[in-house]
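Close look at the chain arrangement
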Amino acid sequence: MDSIHIHGGVCLQGKVRIQGSKNAALPVLAATILTKGINLIHNCPKIADVYLMLELLRSLGCVVSWEEDGVRVDARNAAPNKMPVSAIKGMRSSLCLLGALLGEAGEVAMEYPGGCVIGERPIDLHLAAFRSLGAEFREENGIIYGNAGKGLMGAHIDMPRSSVGATENTVLAAVSAEGVTVLTGAAREPEVETLCKYLCRCGAQIEGIGTDRLVIVGGRRLSGTEFGVPADRIVAGTYLLACLGTGGAVLLEDAPVSHMEAVVGFACRMGAECQEAQEGLYVQAPGRLLSCDRLTTEIYPGFPTDLQSVALVVMTAAEGKCLIEETIFENRFRILEPLRRMGGKVRLIDAGKAEVEGPVFLNGTETEAWELRGGAALVTAGLMADGETIVKGCDYIDRGYENICRDLRELGARIYRV
Ligand code: EPZ
């Protein structure tokens, strides 16, 4: 596995274009199998999880190709019940195929998507929603077999807790169900909104888009369409925070500013100046980062859990003590150990809380990524640290960042991959 080498201490300056959103592109690509038509999806990020999803679509009979301006998915001959069971092997982001396949093919078999280092990642909310629509499931040797019987029927579903994936999966199943589905407690993340907008562009009827109450009128014929995936708010947030941590000034081209309120608000609390510009978001770090006494991750529009580790790294350079509370996943503080090794004054208070005290100057180290966003946090620490930092395991980072080294080099960082 390659490693990323960073010579830190450089203030990030300049501009970088933000890639398309991983977590928006994946459910939209999964939804193409419902259209039985030709789709052109613009601004799909060139990342490992998208490549995997495209392979799965091919295994379902879609003809898929990268065009000049996006991914072309010809789903006219998609045969959802041809999905090899092993195809969805341990890739969480393929989970959103479950709803589309159940609705379209009436049956699905997929390997139980296990947990990962950030948490157990259960899928009980997904299965409960599908059962409300009339599906039945059995599990054998780690494979889930789902069956829609005579076809899914619209239902009233109340999500007991907010879940991005379960909301997306329910929408993907409900558009094929007979009748109307009312989904309350729906996740409001921008990626859910993007999926609903894509489906409506294909001919679906979904009301309440952007709210936690979605009304999906099922049974409508969907046709292929052209659609643009928004820029990735987590990638934009990563580079915004890296700019804060290195004391720089950057322009994040195409950044989805309206989806970044919580992150921009956090940056301003730390003393940054953020300006929405024609081309995107301009960020100027303060001379000294102000203290932020508490940061809590929340469901949208709160501070996103995917940026918690990066924010924690940046806080090592801020005045005073900050309490970080992780309320979404159960194990998202692995960054503390390498950060301590780099000189960070950080400590775990309990499974959901950590404390950072600053300002301290980090020193470079050799370390290894264990998951996508933790890997981005290690790179951010390397940008801030004196000396060289080596981050191994960058395949994890490739799952969500098209080319983190290219992007950061555009901002003046001394970073390369070997
Ligand atoms: C999506 O994961 C994102 N992934 C995650 O991004 C993101 O961190 C997460 O939403 C929260 O915003 C994709 O979109 C591909 P959830 P998802 O269901 O849908 C619990 C990244 O780095 N839960 O909203 O899996 C779950 O354990 C990734 O890009 C259940 O209990 O997240 C968690 O505690 C990481 N039962 C909470 O809900 C279920 O059936 C929120 O999870 C489903 C979820």
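Quick caveat: nothing in here was measured; it's all calculated off a predicted structure.

**Some details on the overall build of the chain**
Along the chain, the regular secondary structure elements total 13 helices and 23 strands. Overall, the chain is about 65 × 45 × 40 Å in size when its C-alpha atoms are taken along their principal axes. Burial analysis of the chain (418 residues in total) assigns 58% to the buried set. Across the chain, every contact between residues at least 6 apart in sequence was considered, and the portion connecting residues at least 24 apart equals 72%. Placing the 41 positive and 52 negative side-chain charges of the chain at their respective mean positions leaves the two points 2 Å apart.

**Section: the site of the ligand**
The local shell around the ligand holds 20 residues, among which Asp124, Ser163, Gly165, Asp306 and Ile328 are the closest. Proline 122 places a main-chain nitrogen or oxygen 3.2 Å from an oxygen atom of the ligand. Measuring from an oxygen atom of the ligand, one finds a backbone N or O atom of leucine 125 at 2.8 Å. Across the complex, the protein chains shield 88% of the 830 Å² of accessible surface that the ligand would expose by itself. Elements supplying a minimum of two residues to the shell around the ligand: helix 1 (22-31), helix 4 (124-132), helix 5 (164-174) and helix 11 (372-384).

**Quick look at the side chain of aspartate 232**
Considering the arrangement of structural elements, one finds aspartate 232 in the loop between strand 13 (226-228) and helix 7 (233-246). Put simply, aspartate 232 is tucked away with no salt bridge, and the nearest opposite charge, on arginine 373, sits 4.9 Å away. At 2.8 Å, the side chain of aspartate 232 forms a polar contact with the backbone nitrogen of isoleucine 234. Those residues within four positions of aspartate 232 in sequence are excluded, and the remaining contacts are Ile18, Gln19, Gly20, Ser21, Lys22 and Pro256.

**Considerations on the nonpolar core**
Membership of the largest hydrophobic core comes to 74 residues, with the highest contact counts inside it found for Ile4, Leu240, Leu244, Leu252, Leu281, Leu312 and Met315. A per-element tally of this core places helix 7 first, with nine residues. Apart from residues no more than four positions distant in its own chain, leucine 244 is found in contact with Ala267, Met270, Ala272, Val283, Ala285, Leu289 and Val314. Counting residues in hydrophobic clusters, the runner-up holds 70 residues, among them Ala31, Val171, Val192 and Tyr198.

**A few points about the environment of alanine 166**
As for its placement among the helices and strands, alanine 166 is situated in helix 5. Judged by its relative accessible area of 0%, alanine 166 is buried. Not counting residues within four places of it along the chain, the set of residues in contact with alanine 166 comprises Leu125, His126 and Met159.

**Here's the deal with the packing of helix 7 against helix 9 (residues 308-315)**
Contact geometry of helix 7 with helix 9 gives a least axis separation of 9 Å together with a crossing angle of 5 degrees. Taken as axis vectors, helix 7 and helix 9 run roughly parallel relative to one another. Residues Thr238, Leu241, Leu244 and Gly245 of helix 7 touch helix 9, and the partners they reach there are Val310, Ala311 and Val314. For the contact of helix 7 with helix 9, the class distribution of residues is five nonpolar, two polar and no charged.

**Here's the deal with helix 6 (residues 190-201)**
Two residues of an α-helix separated by three or four positions point the same way, owing to the 3.6 residues in each turn. A rise of 1.5 Å per residue sets the reference length of helix 6, with its twelve residues, at 16 Å; its end C-alpha atoms lie 16 Å apart and thus fit the reference within 8%. Within the sequence span of helix 6, burial applies to Pro190, Glu191, Val192, Thr194, Leu195, Cys196, Tyr198 and Leu199. Just downstream of helix 6, glycine 203 is the residue with a positive phi angle, here 120 degrees.

**Brief notes about the packing of helix 1 against helix 2 (residues 48-59)**
In the contact formed by helix 1 and helix 2, the axes pass within 10 Å of each other and the chain directions differ by 0 degrees. One element, helix 1, and the other, helix 2, form an angle in the roughly parallel class. Along the contact surface, helix 1 presents Lys22, Ala25, Leu26, Leu29 and Ala30, while helix 2 presents Asp49, Val50, Met53, Leu54 and Leu57. Looking at the contact of helix 1 with helix 2 residue by residue, the class counts come to eight nonpolar, no polar and two charged.

Cut-offs applied
- Residues numbered from 1 in each chain as written.
- Predicted model: local features only at pLDDT ≥ 70, side-chain atom pairs only at ≥ 80, totals over all residues.
- Heavy atoms only, no water.
- Helix = DSSP H or I, 4+ residues; strand = E, 2+ residues; numbered from the N terminus.
- Buried < 20%, exposed > 50% of the residue type's maximum accessible area, 1.4 Å probe, protein only.
- Contact = heavy atoms within 4.5 Å.
- Lys, Arg positive; Asp, Glu negative; His and termini not counted.
- Charge placed at Lys NZ, Arg CZ, Asp CG, Glu CD.
- Near = heavy atom within 4 Å.
- Polar contact = N/O pair within 3.5 Å; in protein donor to acceptor, adjacent residues only side chain to side chain.
- Areas by Shrake-Rupley, 256 points an atom, 1.4 Å probe, with all protein chains shown as cover.
- Salt bridge = Lys/Arg side-chain N within 4 Å of Asp/Glu carboxyl O.
- Core = buried A, V, L, I, M, F, W, Y, C linked by side-chain atoms within 4.5 Å.
- Axes fitted to C-alpha atoms, helices over the stretch in contact; angles between N-to-C directions.
- Parallel < 35°, antiparallel > 145°, perpendicular 65-115°, else oblique.
- Nonpolar A, V, L, I, M, F, W, Y, C, P; charged D, E, K, R; others polar.
- Expected span 1.5 Å × (residues − 1).

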